[in-house]
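Remarks on the overall topology
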Amino acid sequence: MYVLGEQPTYVDQLIARLQTLPEQFLQGLAATEPVLQLEHIGNLSEQLHGDNLYLIKDGLLHAGIDGRPLFYLQEGDLLGLRQGSDLPHWQYSSDEPLALQPYPRAEVFKHIHADEQRQELFTQYLIGQAALLSDAFARTKLPDIRPNTGFQYYAAGEELIHEGDDAEHVFVIIEGHAEAFVNGMKVGDVHKDEIFGAMAVFTQEKRTATVIASEPCTVMVIPKEQFLGLMNSNPRIAHSLIEGMARRIDLMNKEITALRRQIGES
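Residues numbered from 1 in each chain as written. Predicted model: local features only at pLDDT ≥ 70, side-chain atom pairs only at ≥ 80, totals over all residues. Heavy atoms only, no water.

Details of a negative patch on the surface
Taken together, the side chains of E23, D58, E75, D95 and E96 present a region of like negative charge at the surface. When you line up the elements, D58 lands in strand 3 (residues 52-58). Classification of D58 as partly exposed rests on a relative accessible area of 47%. (Patch = residues over 30% accessible without salt bridge, like charges linked within 9 Å, V, L, I, M, F, W, Y side chains within 5 Å. Areas by Shrake-Rupley, 256 points an atom, 1.4 Å probe, with all protein chains shown as cover. Salt bridge = Lys/Arg side-chain N within 4 Å of Asp/Glu carboxyl O. Lys, Arg positive; Asp, Glu negative; His and termini not counted. Charge placed at Lys NZ, Arg CZ, Asp CG, Glu CD. Helix = DSSP H or I, 4+ residues; strand = E, 2+ residues; numbered from the N terminus. Buried < 20%, exposed > 50% of the residue type's maximum accessible area, 1.4 Å probe, protein only.)

A look at the pairing of strand 13 (residues 185-190)
Here strand 12 (residues 178-182) pairs with strand 13 via 5 bridges, running antiparallel. Paired with E179 across the strands is D189, a residue of strand 13. Remark: 2 residues form the turn of the hairpin made by strand 12 and strand 13, two consecutive strands paired antiparallel; N183 in that turn has positive phi of roughly 55°. (Pairing = 2+ DSSP bridges.)

Some remarks on the sheet that holds strand 10 (residues 159-161)
On the basis of which strands lie adjacent, the open sheet formed by 4 strands has the order 10-15-12-13 and antiparallel pairing. One side of each edge strand has no neighbouring strand; the edge strands of this open sheet are strand 10 and strand 13. Sheet twist, expressed as the average angle between the axes of neighbouring strands with direction ignored, equals 35°. (Axes fitted to C-alpha atoms, helices over the stretch in contact; angles between N-to-C directions.)

With respect to the packing of aromatic side chains
Applying the stated criterion to the full structure yields 4 aromatic pairs. Between F25 and F122, the ring centres sit 5.2 Å apart and the planes meet at 80°, which makes this aromatic pair edge-to-face. One end of the pair, F25, is in helix 2 (residues 21-26); the other, F122, is in helix 4 (residues 116-138), with 97 residues separating them in the sequence. The same class applies to F25 as to F122, namely buried. Taking the centre distance of 5.3 Å and the plane angle of 15° together, the rings of F171 and F196 count as stacked. (Phe/Tyr/Trp six-rings, centres within 6.5 Å; stacked < 30°, edge-to-face > 60°.)

Overview of helix 3 (residues 105-113)
Turning to helix 3, its buried residues number three or more, namely R105, V108, F109, H111 and I112. The buried residues of helix 3 all sit within an arc of 160° when viewed along its axis, so they share a single face. Residues of helix 3 that are exposed and point over 90 degrees away from its buried face: A106 and K110. (Arc of directions from axis to C-beta.)

Some words on the nonpolar core
In terms of nonpolar packing, the biggest core is built from 37 residues, with F25 and M220 touching the most fellow members. Here this core takes 8 residues from helix 4, the largest share from any one element. With residues near it in sequence (within four places) discarded, F25 still touches L78, H111, I112, R118, L121, F122 and Y125. In terms of nonpolar packing, the next biggest core, distinct from the first, is built from 17 residues, I173, A180, V190 and V211 among them. (Core = buried A, V, L, I, M, F, W, Y, C linked by side-chain atoms within 4.5 Å. Contact = heavy atoms within 4.5 Å.)

A word on the pattern of salt bridges
Scanning the model with the defined rule gives 4 salt bridges in all. Between K186 and E179 there is a salt bridge whose closest N-O contact spans 3.1 Å. Relative accessible area serves as the criterion here: at 35%, K186 is assigned to the partly exposed category. E179 gets classed as partly exposed once you look at its relative accessible area, which sits at 21%.

Notes on the environment of L18
Its location among the elements puts L18 in helix 1 (residues 9-18). Sequence spacing of L18 and I127 is 109 residues, and the spatial spacing of their C-alpha atoms is 9.9 Å. Excluding residues within four positions of it along the chain, L18 makes contact with Q124, Y125, G128, Q129 and L132.

Comments concerning the environment of Q19
Secondary-structure assignment places Q19 in the loop between helix 1 and helix 2. Along the backbone, Q19 and Q129 are 110 residues apart, and their C-alpha atoms lie at a distance of 9.7 Å.

Here's what the structure looks like:
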């Protein structure tokens, strides 16, 4: 995916990385249907089956809303993931020959769920695409009503989330590093490409920690409704993500207990 218009370097780098992910998490999954060859497509949705996902093997696909172009997809991108998403409907078209490799949707998710690394790659792909799409859609709005989504920058020392606040977004650091604190006590680090802030979105509870940038950070910001929509359409991935977050929370709790014990003994 390439979003139209001038982009910061970190967005270009993210786009280039995301484009390599589908072939990685599809590796080892045999294609059971022949490549779909299309030419000069005015409305691609009429040509696609809802039970399939489609990997673009060759060609360029334009996407827009109400006739306004916003981004385009090319070799390596994956189509068909957005069933049930709350984002508006994109119109896909192509002025040149297009080659799409179909994969049964159910088989793709089964293949991804069978391997923890594929789960991680797929989750990164979903959230990265969601942030890019939110940013692209925000460009259609006036600046004074542009939503607080897409990409944000935090200076060292700034709070990304605050303990006790409502959970309205999920975050991923694409550049930089942050630290998590509970009651003023450091309980962990948040590294590049790590998803954070999702557990409170799932549980609909207040934030349980404060996250502060320890160095300048560029962060993907995804609204909770959009994140939950992505996870609802991919329940196995949501389950795996929750398990991973639960393990991290358990580790943080052990670290907090150890720190309190040390304080009590000193």
